[in-house]
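# An overview of the molecular structure
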Amino acid sequence: MGIKRLALLTFFVAISLASIAQNGTVKGLVTDQMSNESLVGATIMLEGTIVGTITDFDGNYVLPKITPGTYNVRCSFISYEPITIESVEIRANQTLEFNFDLSESTLQIEDIQVVAIASRESETMLLLDQKKASGIKESIGSNRLSSLGVSDAASATSKISGVTKNESSGDVYIRGLGDRYLTTTMNGLPIPSDDVEKKNIDLNLFSTNFIKNVGIDKTFSVETYADQSSGTVNINSKTFSETIIFGITGKTNTNILQRDNWNNFKTTQNMNDVSFGVHQRSYYTEAAIKKQSWNTETQKLPMGYEFSFSAGKKFKLFNNEMTVFATASNENSHEYHQGIYKKYRSNVLDNSFTDAETFGTKINTTGLINLTYNFNDDHILNFNSLSILKTIDQLYEQGRNGEGYVFDQDPQEEGAFIRDQNLKTTQIFINQLLGTHALSDKNKVEWALGYNLVNSEEPNRIRNEVNIVDDNTVQFAHVGDFQQRKTLQEIDDTELNGYLKDILSLYDKEHKKLKLNYGANFRVKERTFRSLFIGVRAKGFQIESIDNLDEAFLNTANYSSTGLVIKERNPDLYNANLNVYAAYANTYFELNKVSGSLGLRYEMDDINVSWDVANYVGRTGRLSNSYNNILPALNFKYSINDNSSLRMAASKTITLPEFKELSPFEYVSPTGRVTKGNPSLKRSVNYNFDIKWEMFPQSNELVSVTGFYKKIQDPINLAQTRGSSGNFIYENTGKKADVYGLELETRLSLINPENTRLPELNIVLNATKMWFNQDLLDEFQYNNKTESNLQGAAGFIMNATLSFANNKEKEFIATINGNYSSNKILALGAPEDYENSSTLFNNEIIEKGFTSVDIVISQKISKTVSLKLSGKNLLNPKIEQTQIIEPLSGDASNELVSSYKKGINLSIGVNIYLNN
């Protein structure tokens with residue numbers, strides 16, 4: 001570098017340093033006046049300027065580079081009275097220190113004292129909870145959900161490390177483990193599933209209007225039910241918001257926009273009986289055979305929409321605070337996809353379709369009412385009533401192109417065509433009453449009662465299996481008496497649950513604490529199930545078109561002739577109940593840098609099922625399983641410094657079979673796959689170990705690394721059946737399974753302005769790698785295969801979010817989300833003939849991994865109006881299932897057994913905020 005350049009550079013550096021040196025600095029600490037604890041996320045501003053910052057995890061703040069002058073320094077925080085220090089003179093090269101001691105915000109209205117409670121919707125407060133928690137817990141609040149453009153609880157969970165949402169099924173996976181291994185609660189109480197085929201409720205049903213925050217406990221706490229391994233998802237519902245919000249959204253899918261689908265979108269015959277999302281049956285199943293059409297219907301302009309509303313009100317009741325909050329939404333959406341479907345048995349093609357089509361219409365109506373009554377902040381009663389009405393209409397067709405093939409079909413194997421029309425309606429009512437009572441400064445009692453009702457129906461499922469003989473001739477298939485049928489399925493669930501716990505503070509000094517938490521909880525759940533099959537035997541009967549099946553059926557003369565014969569069998573029935581009673585004790589301790597909890601839970605689980613079903617030898621049977629569990633849990637934390645810590649956790653949990661897994665009822669999917677329950681199924685016992693390092697660089701940032709191990713005894717899997725059926729069954733396929741995992745999370749601010757009114761750019765990246773291994777019992781070994789991965793578990797998952805916010809009055813937010821989940825087993829393989837297991841077997845079916853990308857953009861048009869645009873599933877990947885086929889002669893091949901694309905979901909919405 002030349003002398004002139006060096007001199008010039010030195011001059012500019014000196015000028016810059018002199019300029020910096022001329023600025024002043026304000027710093028200090030913000031604490032709670034009563035507890036003397038540091039307040040995280042408090043805002044400090046210079047009034048009349050855009051200069052400001054927030055406090056870090058220790059309550060400290062720094063305002064550097066302040067131009068000399070006189071300012072008012074204001075400190076504010078949610079639920080606290082703000083403090084302003086006026087006429088502060090800041091000079092060059094001067095550092096001033098101001099500490100703020102905030103008191104809780106109290107408003108006196110006609111002898112009513114209202115004390116605000118710190119919000120658990122803000123990201124900062126939830127990160128503080130996570131930092132202080134003894135267990136490994138992560139949460140995401142409604143504030144961050146809004147900034148990320150998240151619209152539902154399922155998407156919310158995928159922003160937490162180690163959690164992903166499956167785009168094909170909507171299931172949530174925690175640490176690669178799916179539906180079987182997790183539990184869903186609302187406000188700490190169990191809630192039912194909306195789908196009998198699943199253990200957990202569809203989290204897409206919970207829009208962000210309902211959510212205060214979503215938390216995931218990845219380690220077991222003795223306060224919670226033991227039926228978990230990967231974790232518990234808890235949705236804390238909103239209790240109050242003074243802002244009145246109206247929302248309207250229009251939505252569509254790129255598959256729907258195809259000309260044939262847009263102008264001629266197909267629905268089932270049952271949609272004629274649906275009004276405003278409510279199905280009213282016109283005929284019972286017996287009458288529907290003759291009086292209701294067998295043909296499909298069409299819907300013009302299948303445009304989706306969503307309407308939402310929320311509002312709250314505070315008022316005085318008996319000189320205490322009462323709040324009312326209500327929110328409701330109604331959503332209508334459509335889907336269409338086309339692809340292939342194949343099935344192999346013993347490595348031989350069983351059926352094949354190259355044009356499998358699905359038309360779907362979904363209508364969801366959800367409403368929540370919350371009442372909260374506060375007795376001077378010492379006694380709080382909280383009542384929630386949630387109702388969900390879900391209607392799904394699904395029309396499935398395969399073989400319209402004449403290329404369908406079904407092995408051993410009568411009258412012929414080629415030209416097979418299958419149509420399945422099914423409408424499912426589910427009504428869920430969740431009612432909860434929760435109480436919190438501060439009996440003294442050292443004793444708090446909490447209790448809750450929940451009552452859940454579920455009614456789920458397939459009121460009139462219509463299925464036809466035919467052969468397209470030529471362009472003008474369709475002949476009905478007739479292998480058995482029920483290939484042309486209408487069926488009814490009804491499920492009624494009731495559940496009563498609750499808990500009672502007492503929290504005692506035995507010793508509470510700075511950095512030295514000892515608390516005892518003890519209590520009990522229970523669940524009493526009952527189910528009644530009924531399924532009715534009525535078929536029409538149509539051997540030799542021919543018509544002209546698959547689109548006018550009424551030509552054959554809706555002709556009374558046909559039923560009196562030898563052509564059509566109505567066949568009916570006794571209804572399939574099962575009744576089941578689950579009784580869970582538990583007591584626990586948990587101690588929390590803190591001694592300087594060491595803290596944690598040690599607890600023990602006793603839980604008794606009784607499961608009883610009785611059945612009367614057609615595909616069970618003797619039709620009737622019953623089982624009664626009782627399990628007594630002693631379940632310890634240890635959580636340990638060592639604070640390395642103020643911003644980082646090391647955690648360890650160990651626990652024992654269980655995995656209980658579901659009612660549907662125990663009852664031997666056979667459920668036929670639209671594709672023809674049959675899934676059957678197994679009365680011999682046993683519970684699994686899980687041993688869980690975690691070690692985690694975490695660091696909080698700033699109040700809104702997080703970096704963590706977690707290693708975990710799980711040992712599962714008697715693992716439960718969905719497997720292909722042994723014997724000759726070639727379908728699916730639930731089994732304890734091995735004696736044990738081992739799961740190892742490594743989890744990484746980063747939540748960082750790429751642009752982290754000290755001035756909170758400048759734009760910001762944040763990134764969230766989390767990834768989980770898992771390794772699985774389970775032994776296989778002799779009866780599940782085939783072709784020298786003695787070990788397997790776990791069914792439904794993904795070996796690698798990753799989530800990434802990049803978000804930008806301008807932090808201006810007319811707020812602009814742009815967020816892009818990426819998600820990847822690797823391959824996982826849909827169903828384990830099995831021999832069809834154990835004696836010839838080296839040649840007669842079915843390999844495992846694999847669900848292929850894929851990547852999904854969403855983008856959400858929102859713009860606040862004015863103080864009361866905001867606009868949101870979103871594109872989801874932008875990459876539109878193929879959703880595929882594969883199976884390795886090993887014929888007796890020839891080379892093995894990896895065959896595609898299912899493939900389709902879901903299309904890109906597009907939406908535009910407007911929110912109107914009143915009283916904002």
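All figures in this text were calculated on a predicted structure; none of them were measured in a lab.

Rules used throughout
Residues numbered from 1 in each chain as written. Predicted model: local features only at pLDDT ≥ 70, side-chain atom pairs only at ≥ 80, totals over all residues. Heavy atoms only, no water. Helix = DSSP H or I, 4+ residues; strand = E, 2+ residues; numbered from the N terminus. Buried < 20%, exposed > 50% of the residue type's maximum accessible area, 1.4 Å probe, protein only. Contact = heavy atoms within 4.5 Å. Areas by Shrake-Rupley, 256 points an atom, 1.4 Å probe, with all protein chains shown as cover. Phe/Tyr/Trp six-rings, centres within 6.5 Å; stacked < 30°, edge-to-face > 60°. Lys NZ or Arg CZ within 6 Å of the ring centre and 35° of its normal. Lys, Arg positive; Asp, Glu negative; His and termini not counted. Salt bridge = Lys/Arg side-chain N within 4 Å of Asp/Glu carboxyl O. Polar contact = N/O pair within 3.5 Å; in protein donor to acceptor, adjacent residues only side chain to side chain. Pairing = 2+ DSSP bridges. Axes fitted to C-alpha atoms, helices over the stretch in contact; angles between N-to-C directions. Core = buried A, V, L, I, M, F, W, Y, C linked by side-chain atoms within 4.5 Å. pLDDT = per-residue confidence, 0-100. Patch = residues over 30% accessible without salt bridge, like charges linked within 9 Å, V, L, I, M, F, W, Y side chains within 5 Å.

It is worth spelling out the overall build of the chain at this point. Secondary structure assignment for the chain yields 9 helices and 58 strands. Looking at the 916 residues of the chain, the share that counts as buried comes to 54%. Within the chain, counting contacts between residues at least 6 apart in sequence, those at least 24 apart form 71% of the total. With the model as given, the accessible surface of the chain reaches about 38900 Å², and the carbon-plus-sulfur share is 54%.

Before going further, it helps to spend a moment on the packing of aromatic side chains. Enumeration according to the criterion identifies 17 aromatic pairs in this entry. Centre to centre, the rings of F482 and F533 are 6.3 Å apart; their planes meet at 75°, and the pair counts as edge-to-face. Residue F482 is found in the loop between β30 (473-476) and β31 (485-509), and its partner F533 is found in strand β32 (residues 512-537); the two are separated by 51 residues along the sequence. Looking at F533, the relative accessible area reads 12%, which means it is buried. Grouping aromatic residues by their ring pairs yields a cluster made of F265, Y336 and F359. Between the NZ or CZ atom of R523 and the centre of the ring of Y225, over which it lies, the distance is 5.8 Å.

One can find D355 in strand β25 (residues 348-375). The charged side chain of D355 is buried without a salt bridge, its nearest counter-charge being R400 at 6.3 Å. Looking at D355, its side chain comes within polar contact range of the main-chain nitrogen of N401, at 2.9 Å. Apart from the residues lying within four places of it in its own chain, the contact partners of D355 are Q338, G339, E397, Q398, G399, R400 and N401.

Time to look at the sheet that holds strand β39 (residues 666-668). Taken in spatial order, the 4 strands make up an open sheet running β39-β40-β44-β43, and their pairing is mixed. Bordering the open sheet on either side are β39 and β43 (716-720), each of which pairs with just one other strand. For this sheet, the mean inter-axis angle between neighbouring strands, taken without regard to orientation, is 30°.

Glancing now at the nonpolar core. Judged by nonpolar contacts, the single largest core of 37 residues is most densely connected at Y574, I607 and V609. Of all elements in the fold, only β35 (572-591), β36 (594-612), β37 (620-641), α9 (659-662), β43, β44 (728-732) and β50 (824-827) reach the threshold of two or more residues within this core. Among the elements that make up this core, the one with the highest residue count is β35 (5 residues). Each residue touching I607, except ones within four places of it in the same chain, is listed here: N577, L578, L623, S624, N625, L656, P657, F659 and L662. Among the nonpolar cores identified, the runner-up in size contains 23 residues, and M186, L203, I216 and I428 belong to it.

With that settled, the discussion passes to the confidence of the model for the chain. With 89% of its residues at a pLDDT of 70 or more, the chain has an overall mean of 85. Within the model, pLDDT remains below 50 along residues 3-21, and this stretch shows 4 contacts once partners closer than five positions in the same chain are excluded. Below a pLDDT of 50 lies the segment residues 106-122, which in the model reaches 39 contacts outside its immediate sequence neighbourhood of four places, other chains included.

Before going further, it helps to spend a moment on the pattern of salt bridges. If you walk through the whole model with that rule in mind, you get 40 salt bridges. Across the pair R619 and D572 runs a salt bridge, and its minimum N-O distance is 3.7 Å. Here R619 is found in the loop between β36 and β37, whereas its partner D572 is found in strand β35, with 47 residues between them in sequence. Taking the relative accessible area as the measure of exposure, D572 reaches 2% and is therefore buried. Between E694 and K692 there is a salt bridge whose closest N-O contact spans 3.6 Å. Both residues of the pair, E694 and K692, count as buried. Where salt bridges share partners, they join K266, E397, R400, R419 and D547 into one cluster.

This brings us to a nonpolar patch on the surface. A surface patch of nonpolar side chains, amounting to about 680 Å² of accessible area, comprises L750, I751, L802, I816, I855, I857, L869, L874 and I908. Broken down by secondary-structure element, the contributors of at least two residues to the nonpolar patch are β45 (736-751) and β54 (850-860). Along the polypeptide, I908 turns up in strand β58 (residues 905-914).

Polar contacts involving the side chain of D572 include one to the side chain of R569, which spans 3.2 Å. Within the local environment of D572, its side chain forms a polar contact with the backbone nitrogen of A614, the two atoms lying 2.9 Å apart. Those residues in contact with D572 that lie beyond four places of it in its chain are F529, R530, S531, D612, V613, A614, R619 and F665.

Here L598 lies in strand β36. Separated by 376 residues in sequence, L598 and V222 have C-alpha atoms that sit 9.0 Å apart. Those residues in contact with L598, other than ones at most four positions away along the chain, are A585, N586, T587, A633 and L634.

For sheets, the rule is that strands pair by backbone hydrogen bonds, running either parallel or antiparallel. Strand order across the open sheet formed by 4 strands is β3-β2-β5-β6, with antiparallel pairing between neighbours. Two strands close off the open sheet at either side, each with one partner strand: β3 (52-54) and β6 (83-90). Averaged over all pairs of adjacent strands, the angle between their axes in this sheet comes to 20°, without regard to strand direction.

Omega for the bond connecting D410 with P411 falls within 30 degrees of zero, at 25°, which places this linkage in the cis form. Turning to its location among the elements, P411 is positioned in the loop between β27 (405-406) and β28 (416-440). Although it is not a glycine, F318 adopts a positive phi angle of roughly 55°. Following the sequence through the fold, F318 ends up in the loop between β23 (304-317) and β24 (320-345). Of note, N319 is a non-glycine position whose phi angle comes to about 65°, a positive value.

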